[in-house]
Amino acid sequence: MRFRSVTLLMLFLLISTALFAQRPRDGRSGFSNGEIIGKILDSETLAPIEYANIVLHAQRDSSQLTGTISDANGKFVLDGLRPGRYYLEVHFIGYEIQTINNIGIRPANPIFEVDDIILSAKVIANDAVDVVDERAAISYQIDKKVINVSKQYASAAGNAADVLKNVPSVSVDIEGNVSLRGSSSFTVLIDGRPTVLDSEDALQQIPASSIDNIEIVTNPSARYDAEGTSGIINIIMKKNKLQGSSGIVNLNGGYEDKHGGDILVSYRMGKLHAYAGADYNDRDYPGSKRAEQRTLFDEISSVSLSEGESLRGRNSAGLRGGLDLNITPKDVFSLGFRYGERTHNRGSDLNYDEWTGSNINRQTYISSNNTERSGTFFSLNFNYQHTFSKKSHNLTLRADYHDRNSDELSVNELLDMDNNITSGQQSSEIGPSNRLQFNLDYVQPFGKDGKLEAGYQARFGESNDRTGLFEYDLLSGNYLEQTQFRRNTEYLRNIQAMYGMFAGKSGRLGYQAGFRAEYTDRTTSVLEDNQNFAINRWDYFPTSHLSYQLSESRQLMASYTRRIVRPRSWFLEPFITWTDAYNVRQGNPALKPTYIDSYEAGYQMPIGSSLFSSELYYRVSHNRVERVRSVYADNVTLTAPANVGTDYALGAELMLNSDLQKWWNINLMGNLYNYRVEGVLNENAFSEENFSWNMRLNQTLKFGSSSSVQVNSRYFSNITTAQGEMEGFFLFDLGLKQSLINKVLTATLQVEDLFGTAKHEFIYSGQDFYIYDYSTRQSPIVMLTLNYNFNNYKNERGRNGRNGDDGDDF
């Protein structure tokens, strides 16, 4: 009830504001076919600026006549104009206002083309300090959110997941697990391309210092893969735009064995641009944990209490490089690669107290656990684009090859109070995988604002998983394989897709309609059991995006997309696999994919130098998959994926970006949503509902042109699932940035979880089990990052900071 009231109030405010915000156009009769066209660029990067406000005034009395905003290429058109003298004012948050005078429309020359309009960042003089107002840390565009990573001081020494901690729509727990609008199912792209790594691994692998921007697209168009519940996170890597050679070097370090660095060197001359980079990071996070587990198996109750120390670590290293060659003014060729190694450790030493029944057969022992997942990965990408006579008329061919190896070993040993091994278990999973992908995309503009897009995509993937179990033999002191649990599983998954999109504009209304069809050919083979499971299926995904220009600075957006989440590989394995001494898993080859219907509506309203943004979203997931827990044996839990039913998420995101003082900027973000899941679990109907919310307050205080402080605080409320609930928590981070030696060297001090409030607290319960799990990490985490810029390195940005093949959604 409380959530419905808030939603109704928001809808009322949005509609009321929209109605009162509309301004009448100049209604005088006579000739009205005049046009003013132009393009808005950033002074530093010469990149197009999207959503800049262009306001037209009459020269004679400065009255405001009409207005518009720039498109994705920085272009704008003002039409329906009568002959006369005019001038333009161009506004964009964080930039100086630019005025263009002496614009004349005549019947003989009805089209007036303005020279490129260059906007510069504001420089504000104050009595105590000189403040340089730079590009916003988070840009709220109609179809996406763009995070300027260089402005996220409090995560300078971290990775992509750390940057996302202070971003709307995204939640990150203390172990670095990322969810987008409450779902861990999303797609990660790197420069608009798929990655061979799982989404979580990809975000943990990439250093923040090597990232230019991060784009969050929650309702992608038909051009994108339909995979993922909640959308796309696109990582835009740094590249240099200047002629000659230049580069950047970053070094970081902190206590508890945390250190790393990266380097990027770039060379650009004439038609050729080449770059190469390397990165290394080593992180250890000590902490503590405690747990309680109660199970009922064969009418015997068991209790297990544990408490002790934990250690989570991640080590990664990578190389990347590439070249871009302008073969002709209309033909561009690109080639790139990335190679990396990664190791992820998770271990603990816990004191256990166990008993069954009425406190009988009580045992106390030490459990030493360590899980290590490691491997290498490699990707190679090729891109060719031909532009026809019109600049936006093009054909693009893209090919990507990915290969990875992944080895996982989990060791659990029970020791008596004298540290002698009394029992032990090792479980292993080894598996290579590779994927080849081709894309062919065609864009044909027509008329003044129309555009037709079509494309074809083919993905060919295969992987192999070998799992095994080994138990400690007290007599020999060796681990012996339990061959009954040995499995060798092969996966083949080929997906072919076609899409088409049509976009246009009618007055103030912009529209885009798309349709995507995907054919899945999947085979799962268990060699030891001589079992084969195959799927051949067509899926269809309509999309639509609408935008309406209420005034020169206010716009409404609405969209609908249909998406899919296909079961991951182990979700389909029909056999028991031991993941450690206390947990087993078993998949289900008959598992259905989850289909998602996603609806969004958004509104932006500048208020002076501030910006208010709001989004309403509603998401329905059919055939919802959850990892269902049950009792497998005494103190051993079975996890199995199951289609439990349907879930519903209704929510609202609100953001206010404002300069409280000339030197003090705040970014206040809130996300409130109602989550409901209902269906059948263990042959019993169930329904769970939860109202959740989170809030972030990011503050940046600038002292002169070389010093700044960033204070980030965030709170997450409780979250409910089909079998449990996660407790909420509060976090407070601090970042201090100081530029030195004419801004060639920059030092950033980062303090994460200043008050030590981060935690992971979860309760699972079912008919025959209860599990309480609590863990925390050693805090605060203090890191120092040094950034050295040589030969005046500057990032290359495409459309408002993009390098990838991203969409043009309204």
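Cut-offs used in this document
- Residues numbered from 1 in each chain as written.
- Predicted model: local features only at pLDDT ≥ 70, side-chain atom pairs only at ≥ 80, totals over all residues.
- Heavy atoms only, no water.
- Helix = DSSP H or I, 4+ residues; strand = E, 2+ residues; numbered from the N terminus.
- Buried < 20%, exposed > 50% of the residue type's maximum accessible area, 1.4 Å probe, protein only.
- Areas by Shrake-Rupley, 256 points an atom, 1.4 Å probe, with all protein chains shown as cover.
- Pairing = 2+ DSSP bridges.
- Salt bridge = Lys/Arg side-chain N within 4 Å of Asp/Glu carboxyl O.
- Phe/Tyr/Trp six-rings, centres within 6.5 Å; stacked < 30°, edge-to-face > 60°.
- Lys NZ or Arg CZ within 6 Å of the ring centre and 35° of its normal.
- Polar contact = N/O pair within 3.5 Å; in protein donor to acceptor, adjacent residues only side chain to side chain.
- Contact = heavy atoms within 4.5 Å.
- Core = buried A, V, L, I, M, F, W, Y, C linked by side-chain atoms within 4.5 Å.
- Axes fitted to C-alpha atoms, helices over the stretch in contact; angles between N-to-C directions.

Draft legend 1. Local environment of the overall build of the chain. Along the backbone of the chain there are three helices and 47 strands. Taken over 810 residues, the chain has a buried fraction of 54%. Accessible surface computed for the chain: about 34,700 Å², of which carbon and sulfur atoms make up 54%.

Draft legend 2. Here's a closer look at the pairing of strand β32 (residues 555-565). Most of β32 sits inside the fold, with eight of its eleven residues counted as buried. Relative to β32, strand β31 (residues 531-549) runs antiparallel, the two sharing seven bridges. Note on β32: the bridge partner recorded for His 545 is Ser 559. Note: β32 against strand β35 (residues 594-607), eleven bridges, orientation antiparallel.

Draft legend 3. Summary view of the pattern of salt bridges. What the rule picks out here adds up to 24 salt bridges. With its nearest N and O atoms 3.9 Å apart, the salt bridge here joins Arg 459 to Glu 518. Of this pair, Arg 459 sits in strand β27 (residues 450-473) while Glu 518 sits in strand β30 (residues 509-526), placing them 59 residues apart in sequence. Across the pair, exposure class does not vary: Arg 459 and Glu 518 are buried alike.

Draft legend 4. Spatial organisation of the packing of aromatic side chains. All told, the structure shown has 21 aromatic pairs when counted by the stated rule. An angle of 45° between the planes, with centres 5.1 Å apart, marks the rings of Phe 732 and Phe 755 as tilted. Of this pair, Phe 732 sits in strand β43 (residues 729-740) while Phe 755 is found in the loop between β44 (745-752) and β45 (760-766), placing the two residues 23 residues apart along the sequence. Judged by relative accessible area, which is 19%, Phe 732 ranks as buried. For Phe 755, a relative accessible area of 55% corresponds to the exposed category. Every member of this aromatic cluster is reached through a ring pair, and the members are Phe 515, Tyr 519, Trp 538 and Tyr 540. Above the plane of the ring of Tyr 774 lies Arg 290, whose end atom (NZ or CZ) is 4.2 Å from the centre.

Draft legend 5. Representation of the pairing of strand β46 (residues 769-777). Burial runs high along β46: eight of the nine residues are buried. Alignment of β45 against β46, held across seven bridges, turns out to be antiparallel. What sits directly across from Phe 762, in β46, is Asp 773.

Draft legend 6. Representation of the environment of Thr 328. Among the structural elements, Thr 328 can be located in strand β22 (residues 300-328). Residue classification places Thr 328 among the partly exposed residues on the basis of a relative accessible area of 31%. Taking the C-alpha atoms as reference, Thr 328 lies 10.0 Å from Thr 387; in sequence the two are 59 residues apart.

Draft legend 7. The arrangement of the environment of Gly 247 in detail. Relative to the helices and strands, Gly 247 resides in strand β19 (residues 244-254). Accessibility expressed as a relative area gives 0% for Gly 247, which makes it buried. A C-alpha to C-alpha distance of 5.8 Å links Gly 247 and Ser 266, two positions 19 residues apart in sequence.

Draft legend 8. Focus on the side chain of Arg 566. Position of Arg 566 relative to the elements: it lies in the loop between β32 and β33 (576-580). A distance of 2.7 Å separates a polar atom in the side chain of Arg 566 from a polar atom in the side chain of Glu 227. A polar atom in the side chain of Arg 566 sits 3.3 Å from the side chain of Thr 520. Apart from residues no more than four positions distant in its own chain, Arg 566 is found in contact with Glu 227, Arg 459, Arg 493, Ile 495, Glu 518, Thr 520, Arg 537, Asp 539 and Pro 593.

Draft legend 9. Highlighting the side chain of Gln 482. The residue Gln 482 is located in the loop between β28 (478-481) and β29 (487-506) in this model. Among all residues touching Gln 482, those that are not within four sequence positions of it are Leu 469, Phe 470 and Glu 471.

Draft legend 10. Fine view of the nonpolar core. Counting 26 residues, the largest nonpolar core has Leu 164, Leu 203, Ile 214 and Ile 235 as its most contacted members. Elements with a minimum of two residues in this core: α2 (160-163), β13 (170-172), β14 (178-180), β15 (187-190), α3 (199-205), β17 (211-217) and β18 (232-237). Aside from chain neighbours lying at most four places away, what touches Leu 164 is Val 170, Val 172, Val 178, Leu 203, Ile 214, Ile 216 and Ile 233.

Draft legend 11. View of the sheet that holds strand β2 (residues 53-58). Across the sheet, which stays open at both edges, the four strands sit in the order β3-β2-β5-β6 with antiparallel pairing between neighbours. Looking along the sheet, the strands with just one partner apiece sit at the ends: β3 (64-69) and β6 (98-105). Averaged over all pairs of adjacent strands, the angle between strand axes in this sheet comes to 25°, irrespective of strand direction. Pairing of strand β5 (residues 84-91) with β6 involves six bridges; the strand directions are antiparallel. Bridge pairing in β6 places Tyr 86 opposite Ile 103.

Draft legend 12. Quick peek at unusual backbone geometry. A cis amide bond links Ser 779 with the next residue in sequence, Pro 780, at an omega value of 0°. Turning to its location among the elements, Pro 780 is positioned in the loop between β46 and β47 (781-790). In the Ramachandran plot, Glu 256 falls in the positive-phi region, its phi being about 60° despite a non-glycine side chain. In this structure Glu 256 comes out as partly exposed when scored by relative accessible area, which is 35%. Of note, the phi angle at Asn 530 is positive, near 55°, even though the residue is not glycine. Secondary-structure assignment places Asn 530 in the loop between β30 and β31. Classification of Asn 530 as exposed rests on a relative accessible area of 66%.

Draft legend 13. Looking closely at the environment of Val 55. Here Val 55 shows up in strand β2. Residue classification places Val 55 among the buried residues on the basis of a relative accessible area of 7%. The spacing of Val 55 and Val 90 is 35 residues in sequence and 6.4 Å in space, taken between C-alpha atoms.

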